[in-house]
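Structural features, examined
Each chain is listed here by its residues.
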Amino acid sequence: MTDAAKLENEGDIAADFLEGLLDIADLDGDIDMDVDGDRAAVEVVGGNLDHLVGREGEVLDALQELTRLAVYRETGERSRLMLDVAGFRAARRTELVAIAQTAIESVKGGETSVSLDPMTPFERKVVHDAVAEAGLESSSDGTEPHRYVVVHSAGE
């Protein structure tokens with residue numbers, strides 16, 4: 001099976017799991033599937049789904065882990081599937097890029113380094129990618145759940 005076919009299969013398994021969950025919870029929602037780079041991406045859209053996101057995405061993170069476990073149960077392979085509900089992660093990604101951009105400008109303006117607030121692994125990845133794209137470097141410091149990103153100039 002090709003990598004793309006494996007990712008599409010992960011998306012199908014995730015969609016089936018999520019559809020069953022929505023049915024059990026008597027929630028309205030549609031499932032959109034895609035392949036985003038090297039991972040399957042699944043989004044639940046429509047209806048009032050805010051309670052599936054939770055405070056600061058906590059419920060969404062848990063739901064993503066359950067969905068990944070459902071994929072693992074079927075495939076026997078660990079999944080890097082990304083789940084979004086009602087565009088929460090997409091909106092958060094936009095916010096994080098703006099936060100990263102502010103830190104990037106500070107470092108380019110002469111600050112040695114800029115430490116950001118604690119973030120989830122997903123959030124840190126978005127920031128690390130934005131920093132790398134700007135030609136700077138970043139690292140993660142601290143321990144969960146207080147792990148945070150430090151942005152600094154290349155080679156420091």
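Notes on the structure in this doc start here. Since the model is a prediction, treat every value here as computed from it, not as a measurement. (Residues numbered from 1 in each chain as written. Predicted model: local features only at pLDDT ≥ 70, side-chain atom pairs only at ≥ 80, totals over all residues. Heavy atoms only, no water.)

Quick notes on the packing of helix H1 (residues 3-24) against helix H3 (residues 58-75)
At a minimum axis separation of 9 Å, H1 and H3 run at an interaxial angle of 120 degrees. By the criterion of interaxial angle, the relationship of H1 to H3 is oblique. For the pair H1 and H3, the sense of crossing is right-handed. Counting all contacts with H1, which are made through Asn9, Glu10, Ile13, Ala14, Phe17, Leu18 and Leu21, the residues of H3 involved are Leu63, Leu66, Thr67, Ala70, Val71, Glu74 and Thr75. (Axes fitted to C-alpha atoms, helices over the stretch in contact; angles between N-to-C directions. Helix = DSSP H or I, 4+ residues; strand = E, 2+ residues; numbered from the N terminus. Parallel < 35°, antiparallel > 145°, perpendicular 65-115°, else oblique. Left-handed = near helix turned anticlockwise from the far one by under 90°. Contact = heavy atoms within 4.5 Å.)

Notes on the side chain of Arg124
Here Arg124 is to be found in helix H5 (residues 121-133). Within the structure, the side chain of Arg124 is placed 2.7 Å from the backbone oxygen of Met119, a separation counted as a polar contact. Once you skip the residues sitting within four places of it in the chain, Arg124 turns out to touch Met119, Ser140, Glu144, Arg147, Tyr148 and Val149. (Polar contact = N/O pair within 3.5 Å; in protein donor to acceptor, adjacent residues only side chain to side chain.)

Overview of the pattern of salt bridges
According to the stated counting rule, one finds 10 salt bridges in the structure shown. Between Arg55 and Glu58 there is a salt bridge; the shortest N-O distance is 3.3 Å. The exposed category is assigned to Arg55, whose relative accessible area is 57%. Residue Glu58 is classed as partly exposed on the basis of its relative accessible area of 45%. For Glu123, the salt bridge identified is with Arg92, shortest N-O distance 2.7 Å. In this pair, Glu123 is assigned in helix H5 and Arg92 in helix H4 (residues 88-108), connecting sequence segments 31 residues apart. Under the relative-accessibility criterion, Glu123 is labelled buried at 11%. Shared partners join several salt bridges into a network, and the residues in it are Arg55, Glu56 and Glu58. (Salt bridge = Lys/Arg side-chain N within 4 Å of Asp/Glu carboxyl O. Buried < 20%, exposed > 50% of the residue type's maximum accessible area, 1.4 Å probe, protein only.)

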